[in-house]
Amino acid sequence: MVEVQGTVEDGFEPVRDAFADNFARRGERGAAVAVYLHGRKVVDLWGGAKDGDGDAAAAPWEEGTAQVVRSATKGIAAIVPLLLHQRGLLDLDAPVGTYWPEFKAAGKERVLVRHLLSHRAGLPVLDTPLTPAQAVDGVSGPAALAAQAPVWEPGAEHGYHAQTYSWLIGELVLRVTGRSIGSWVAEEISGPLGLDLWIGLPEAEQSRVGRLAEAEAPTAGGAAGLRVRPKRAVADAYADPSSLTRRAFGAIAPSADENAAEYRAAELPASGGIATARALARCYAALIGPVDGHPRLFAPATLTLARTEESAGLDRTLLVHTRFGLGFMLHGPASPLLGPGSFGHPGRGGALAFADPESGFAFGYVTNGMQQNVTADPRAQALVRSAALRGAASHVAG
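Residues numbered from 1 in each chain as written. Predicted model: local features only at pLDDT ≥ 70, side-chain atom pairs only at ≥ 80, totals over all residues. Heavy atoms only, no water.

Asker: Teacher, can you tell me more about the pairing of strand β13 (residues 361–367) here?
Answerer: Strand residues, when the strand is regular, have side chains that alternate between the two faces of the sheet. With 7 of 7 residues buried, β13 lies mostly within the body of the structure. Examined bridge by bridge, strand β2 (residues 30–37) and β13 share 7 bridges and lie antiparallel to one another. Looking at β13, one finds that A31 is bridged to T367. Two elements, strand β12 (residues 352–356) and β13, share 5 bridges in a ladder whose sense is antiparallel. Residue pairing for β13: D356 is matched across the bridge by F361. Joining the antiparallel neighbours β12 and β13 is a turn of 4 residues, in which G360 adopts a positive phi near 75 degrees. (Buried < 20%, exposed > 50% of the residue type's maximum accessible area, 1.4 Å probe, protein only. Helix = DSSP H or I, 4+ residues; strand = E, 2+ residues; numbered from the N terminus. Pairing = 2+ DSSP bridges.)

Asker: Hey, could you run me through the sheet that holds strand β5 (residues 197–198) in this one?
Answerer: Hydrogen bonds between backbone atoms are what pair the strands of a sheet, whose relative direction is either parallel or antiparallel. With respect to topology, 3 strands assemble into an open sheet ordered β4-β7-β5, the strand pairing being antiparallel. Each end of this open sheet is capped by a strand with a single partner; those strands are β4 (67–68) and β5. Both β4 and strand β7 (residues 274–275) contribute to a ladder of 2 bridges, which runs antiparallel. When the bridges of β7 are listed, Q67 appears paired with A275.

Asker: Whenever I open this one, the packing of helix α2 (residues 72–86) against helix α11 (residues 277–288) confuses me. Can you help?
Answerer: For any two helices packed against each other, the geometry is given by the interaxial angle and the distance between the axes. One way to put it is that α2 packs onto α11 with a least axis distance of 11 Å and a crossing angle of 35 degrees. At the point where α2 passes α11, the crossing takes the left-handed sense. Residue-level contacts link G75, I76 and I79 of α2 to L280, C283, Y284 and L287 of α11. Grouping the amino acids of the contact of α2 with α11 by side-chain chemistry returns 6 nonpolar, 1 polar and no charged. (Axes fitted to C-alpha atoms, helices over the stretch in contact; angles between N-to-C directions. Left-handed = near helix turned anticlockwise from the far one by under 90°. Contact = heavy atoms within 4.5 Å. Nonpolar A, V, L, I, M, F, W, Y, C, P; charged D, E, K, R; others polar.)

Asker: Would you mind showing me how to read the packing of aromatic side chains here?
Answerer: The geometry of an aromatic ring pair is captured by the separation of the ring centres together with the interplanar angle, meaning the angle of the planes. Enumeration over the complete set of coordinates arrives at 11 aromatic pairs. Arranged with centres 6.3 Å apart and planes meeting at 50 degrees, the rings of Y160 and F249 form a pair that is tilted. Of the two residues, Y160 is situated in the loop between α5 (140–147) and α6 (165–177) and F249 in helix α9 (residues 244–249); the sequence distance between them amounts to 89 residues. In this structure, Y160 and F249 share a single accessibility class: buried. On the numbers, 6.2 Å between centres and 15 degrees between planes, the contact of Y160 with F324 is stacked. Taken as a pair, Y160 in the loop between α5 and α6 and F324 in strand β9 (residues 321–324) lie far apart in primary sequence, 164 residues in all. According to the relative accessible area criterion, F324 is buried, its value standing at 0%. Feature note: the residues Y160, Y238, F249 and F324 constitute an aromatic cluster, connected by ring pairs. In this structure, K108 packs its charged tip against the face of F103, placed 5.0 Å from the ring centre. Stacked on the ring of F249, the Lys or Arg R348 has its end atom at 4.4 Å from the ring centre. (Phe/Tyr/Trp six-rings, centres within 6.5 Å; stacked < 30°, edge-to-face > 60°. Lys NZ or Arg CZ within 6 Å of the ring centre and 35° of its normal.)

Asker: Please clarify how α11 should be interpreted in this entry.
Answerer: An α-helical turn contains 3.6 residues, so any two residues separated by three or four positions project in the same direction. Compared with an ideal rise of 1.5 Å per residue, which puts 12 residues at 16 Å, α11 spans 17 Å between its outermost C-alpha atoms and is within 8% of the ideal. Counting buried positions over the 12 residues of α11 gives 12, a clear majority of the element. A277, R278, A279, L280, A281, R282, C283, Y284, A285, A286, L287 and I288 are the residues of α11 that are buried. (Expected span 1.5 Å × (residues − 1).)

Asker: Just to check I follow, could you spell out unusual backbone geometry for this structure?
Answerer: The phi angle of most residues is negative, glycine excepted, and most peptide bonds adopt the trans form. Between A253 and the following residue, P254, the backbone shows a cis peptide bond with an omega angle of -5 degrees. Relative to the helices and strands, P254 is located in the loop between α9 and α10 (261–265). Look at R70: it is not a glycine, yet its phi comes out positive at around 50 degrees. Here R70 is to be found in the loop between β4 and α2. Classification of R70 as buried rests on a relative accessible area of 15%. Its identity is not glycine, yet H119 carries a phi of approximately 60 degrees, on the positive side. Examined against the element boundaries, H119 turns out to sit in the loop between α3 (113–117) and α4 (132–135). Accessibility expressed as a relative area gives 0% for H119, which makes it buried.

Here it is as structure tokens:
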């Protein structure tokens with residue numbers, strides 16, 4: 001039995017029960033979950049081992065333990081261009097080449113800023129993958145994408161930009177602001193809100209981060225209503241080196257060591273963010289309302305942009321039906337959140353963060369046990385559903 005640490009407010013006890021059940025039935029190693037409701041923290045739990053391949057008795061998950069959150073970073077990164085637009089510094093309907101002239105090459109003159117955020121740019125792959133060293137050097141990724149030709153007509157279709165999102169969004173922010181996206185997040189979001197959340201981990205914080213490790217998926221009985229095994233076509237695509245799916249996730253080859261200090265320190269807004277569950281939930285809470293005296297980050301018009309559907313239907317990369325707003329995944333069968341108005345982003349293997357403006361609900365979950373999933377994780381779904389039982393929302397994900 002894993003001893004669950006932390007607190008829940010009255011009425012949210014089912015979240016504690018579901019969190020403990022994740023360790024008993026869903027293969028959890030070490031994790032944390034946090035929930036904010038109308039700007040107030042109502043759930044803050046953690047437990048298990050700090051390292052996914054470690055011993056909880058020797059090195060337990062502590063209150064301040066943080067984790068790499070993989071693609072949940074994409075939602076945090078999306079906040080930056082939307083706030084730049086809110087401040088009048090970035091036109092979402094301008095060609096990317098307006099800000100990044102080198103990007104116009106190879107038929108990309110009509111790629112718009114909104115295409116980058118909604119996975120419609122046609123740039124999910126690189127003809128020549130980057131090495132791990134090139135992926136983190138801040139130069140090779142943008143240069144490769146500036147030279148890369150789209151694999152479909154920009155704007156015509158959508159397909160998840162699993163890795164290339166890092167260099168597309170990171171370089172756009174750099175060209176507009178003169179600051180790296182990690183610096184912008186630290187100075188404009190994490191610092192003011194007091195968040196343990198980084199895109200580019202400072203050396204002084206390295207010891208707080210647990211190691212990721214592969215973990216087995218639960219049996220059907222513990223799958224929280226999700227499909228345990230992918231459809232045959234999806235499994236085949238991941239196994240085929242020539243498929244768009246495999247090439248998109250293989251834009252860095254060989255795969256980078258996510259537990260390495262240099263990877264954690266790199267600014268990779270597609271996959272390299274590091275956070276506590278508490279920071280993710282607090283960040284999303286601040287997007288939709290005031291938090292502890294801090295004004296909300298998104299004006300009403302910006303919030304509408306974030307969760308207005310830009311892409312929907314069969315995803316050319318993931319081969320499932322996905323929905324995206326501007327930088328955020330939206331509630332749907334492939335990535336269930338709380339309800340129709342929810343927006344956020346999962347991380348491959350487990351992490352999840354989102355907000356539901358109608359209910360005032362904001363959620364963050366991080367784990368070090370990486371299960372074989374991309375858009376929805378049984379452990380996260382069990383926690384979301386248990387929180388919804390409290391009646392915090394007027395609608396619950398199907």
